[in-house]
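Read off the chains here:
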Amino acid sequence: MKIGVLTGGGDCPGLNPAIRAIVMRALEYGDELVGLRQGWQGLREELTTPLTLEAVEPIINQGGTILGSSRTDPTKDEESIAQCLATAKKLGLDVLIALGGEDTLGGAHAMCGRGLNCVGVPKTMDNDLSATDYTFGFDSAVSVAVDAADRLKDTARSHRRVMVLEVMGRHAGWVALHTGVNAGADYILIPEVPFDRSELVSHIKEIKGRGKEWGLVVVSEGVKRPEPGAEGEQHVRDEFGHEKLGGIGAYVAAVIEKDTKVDTRYVSLGHIMRGGSPSPFDRWLATRVGLKAVELAHEGKFDHMAALQGTDIVGVPLEAAVGELKTVPRELYEEVKLLFSQ
Ligand code: F6P
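All of these numbers come straight from a predicted model, not from anything done at the bench.

Peer 1: Is there a simple way to explain the overall build of the chain in this structure?
Peer 2: Assigned secondary structure in the chain consists of twelve helices and eleven strands. Scaling as 2.2 N^0.38, a compact globule of 342 residues should have a C-alpha radius of gyration of about 20 Å, and the chain matches this with 21 Å. In terms of overall dimensions, the chain has C-alpha extents of about 70 × 40 × 30 Å along its principal axes. Considering the chain as a whole, with its 342 residues, one finds that 52% of them fall into the buried category. Pairs at least 24 residues apart make up 75% of the contacts formed inside the chain by residues separated by at least 6 positions. Accessible surface computed for the chain: about 14400 Å², of which carbon and sulfur atoms make up 49%. Here the chain carries 37 positive and 49 negative side-chain charges, and the mean point of each set is 5 Å from the other.

Peer 1: Quick question: what am I supposed to make of the site of the ligand here?
Peer 2: Residues in contact with the ligand, as listed here, are Arg71, Met125, Asp126, Met168, Gly169, Arg170, Glu221, His271 and Arg274. Contact between the ligand and Glu221: an oxygen atom at 2.6 Å from a side-chain N or O atom of the residue. Here the ligand, which alone exposes 400 Å², has 81% of that area covered by the protein. Residue composition of the shell around the ligand, grouped by class: two nonpolar, two polar and five charged.

Peer 1: How do you make sense of the packing of aromatic side chains when you look at a structure like this?
Peer 2: How two aromatic rings sit relative to each other is set out by the distance from centre to centre and by the angle between their planes. For the coordinates displayed, the defined rule picks out five aromatic pairs. Ring geometry for Tyr134 and Phe281: centres 6.2 Å apart, planes at 80°, overall edge-to-face. In this pair, Tyr134 is assigned in the loop between strand 5 (118-122) and helix 6 (138-159) and Phe281 in helix 10 (residues 280-298), connecting sequence segments 147 residues apart. A relative accessible area of 32% means that Tyr134 is categorised as partly exposed. One aromatic cluster is present, built from ring pairs that chain together Tyr134, Phe138 and Phe281. The aromatic ring of Tyr29 is capped on one face by Arg25, whose charged end is 4.3 Å from the ring centroid. Geometry around Trp214 places Arg157 over its ring, the cationic atom sitting 5.2 Å from the centre.

Peer 1: Explain the layout of surface pockets here, please?
Peer 2: Regions of empty space are outlined by a rolling probe, equal in size to a water molecule, passed over the atoms. Considering only enclosed or pocket space, the largest pocket measures out at about 640 Å³ in volume. The wall of the largest pocket is formed by 33 residues, among which Arg71, Asp126, Arg170, His242 and Arg274 lie closest to the centre. If you list the elements that add at least two residues to the lining of the largest pocket, you get helix 5 (102-113) and strand 6 (162-167). With three residues, the single largest contributor to the lining of the largest pocket is helix 5. Of the residues in the lining of the largest pocket, the class split is six nonpolar, 13 polar and 14 charged. If you count residues domain by domain, the lining of the largest pocket takes at least three from each of domain 1 (2-137 + 278-322) and domain 2 (139-275). The calculated volume of the second largest pocket comes to roughly 340 Å³. In terms of lining residues, the second largest pocket is bounded by 21 residues, among which Arg71, Thr72, Asp73, Asp103 and Phe240 are the most central.

Peer 1: Teacher, can you tell me more about the side chain of Asp31 here?
Peer 2: Considering the arrangement of structural elements, one finds Asp31 in the loop between helix 1 (15-29) and strand 2 (32-36). Among the polar contacts listed, one links the side chain of Asp31 to the side chain of His298, at a separation of 2.7 Å. When near neighbours in sequence (up to four residues on either side) are disregarded, Asp31 contacts Met1, Ile3, Ala26, Val294 and His298.

Peer 1: For this particular structure, what's the right way to read helix 8 (residues 197-209)?
Peer 2: The α-helix winds at 3.6 residues per turn, so residues separated by three or four positions along the chain end up facing the same way. Over its 13 residues, helix 8 extends 18 Å from the first C-alpha to the last, a length consistent with the 18 Å expected when each residue adds 1.5 Å. Directly beyond the C-terminal end of helix 8, a positive phi value near 95° is found at Gly211.

Peer 1: Would you explain the nonpolar core in this entry?
Peer 2: Ranked by size, the top nonpolar core spans 82 residues in total, and within it Val217 and Val252 carry the most contacts. When residues of this core are assigned to their parent elements, the largest contribution, nine residues, is made by helix 6. Residues from two domains meet in this core; each of domain 1 (2-137 + 278-322) and domain 2 (139-275) gives at least three. With residues near it in sequence (within four places) discarded, Val252 still touches Val164, Leu189, Phe195, Leu200, Val217 and Val219.

Thresholds, definitions, all that
Counting restarts for each chain, with residues numbered from 1 along the sequence as it is written. Reporting of local features is limited, given that this is a predicted model, to residues whose pLDDT is at least 70; pairs of side-chain atoms are given and counted only at 80 or more, and all residues count toward the totals for whole chains, interfaces and linings. Values shown for side chains rest on all heavy atoms present in the structure; no hydrogens or waters enter the calculation. Runs of H or I in DSSP of at least four residues are treated as helices and runs of E of at least two as strands, each being numbered from the N terminus. Two things to know: the radius of gyration comes from C-alpha atoms, and the globule rule equals 2.2 Å times the number of residues to the power 0.38. Classification of residues uses two cut-offs on accessible area relative to the type maximum, computed with a 1.4 Å probe and protein chains only: under 20% is buried, over 50% is exposed, and between them is partly exposed. Contacts are assigned to residue pairs that have any heavy atoms within 4.5 Å of one another. The method behind every accessible area is Shrake-Rupley, applied with a 1.4 Å probe, and residues are considered shielded solely by the protein chains displayed. The charge count treats Lys and Arg as positive and Asp and Glu as negative. His and the chain ends do not count. Throughout, a charge is located at the NZ atom of Lys, the CZ atom of Arg, the CG atom of Asp or the CD atom of Glu. What makes a residue near a molecule or strand is one non-hydrogen atom of that residue sitting within 4 Å of it. Whenever two N or O atoms come within 3.5 Å, that pair is a polar contact, provided that in protein one can donate a hydrogen and the other can accept it, and provided that, for residues adjacent in sequence, both atoms are side-chain atoms. The classification used treats Ala, Val, Leu, Ile, Met, Phe, Trp, Tyr, Cys and Pro as nonpolar, Asp, Glu, Lys and Arg as charged, and all other residues, Gly among them, as polar. Within 6.5 Å between ring centres, the rings of Phe, Tyr and Trp (the latter by its six-membered ring) count as paired, and their orientation is classed by plane angle as stacked under 30 degrees, edge-to-face over 60, tilted in between. By definition here, charges over rings are those cases where NZ of Lys or CZ of Arg is within 6 Å of the ring centre and within 35 degrees of the ring normal. Cavity means a closed set of points on a 1 Å grid over the protein atoms alone, one where a 1.4 Å probe fits but cannot get out, pocket means an open set with protein on both sides within 12 Å along at least 5 of 7 lines, and lining means a residue has an atom within 4 Å of a point. Grid points are joined across faces, edges and corners, and a volume is the space filled by probe spheres set on the points. Each domain's limits were defined by an automated method or a database of domain assignments. The span you would expect from a helix comes to 1.5 Å times its residue count less one. Think of a nonpolar core as a cluster: buried Ala, Val, Leu, Ile, Met, Phe, Trp, Tyr and Cys residues, connected wherever their side-chain atoms sit within 4.5 Å.

Below is the structure:
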């Protein structure tokens, strides 16, 4: 069997261990492999790279992706679809394993409908893919953010300040919620729960009133400002039409300083969260879904992805993964809210 491999969307720790597992499993089967560089662009424009044992053996602890990535949409127009199909035919691909989040796997699902056999491997630091309990990249990103938050608390205590930490996560609050709870934040703002300015401000005043002279607030980049009209706010888009988020941390810090008169600073972690060595949990998860993807390919289970359900890695239809974003349920937020509302 000849297998093409690509990584699409925002990179995250765990991609390299997953590629490594795919290659090792496929070589064991006696398969041929080819890497497509820069996501779907690699298939569209035939940007290939060899995937050998020597290339992947040492990469288990490396962040990023040796294949490169992009947000190229293979189904943008009929021409792109035709180019992708032509390259797949020319390379003699029996199956394409696509590692990615909602967009990349959505592309894989659509390309399956156009006659290209695809298998998906879920990845995203946002953890917002349905049909899998966790995605690799998330644990590593949260570890970086918790470390940053702990450091911010040190300086916040020294200067009797409130520090606001803005984290990535797009339209899901998983990263912010896990970071905030694990760092013992005084308040957490996530996109799923409307921003209540007066609740935030009165909580900061309350902690100050009981003698705590510093605080930590974690805010997810996807949180909307509470002002009328802010809901329909226009964000800048990248060349692929992807909304560029970020900046809410500065706004939250300004609100806190204005309404509470407490000296406040903010930090936006941004892409720092996406770099660095994958955590052991992410290496393990990435390895297991990588192995499973090759199994799915050999079973002919195309249009499926390898997913974590409980402690099992199972095959699920790609459609179930990309149909709807997995956001933080309100009950979960309420369950942990007592930790940042006393
Ligand atoms: O989806 C992963 C992610 O890191 C989001 O959390 C963030 O909004 C986005 O990608 C940033 O994308 P880019 O690397 O294109 O700026």
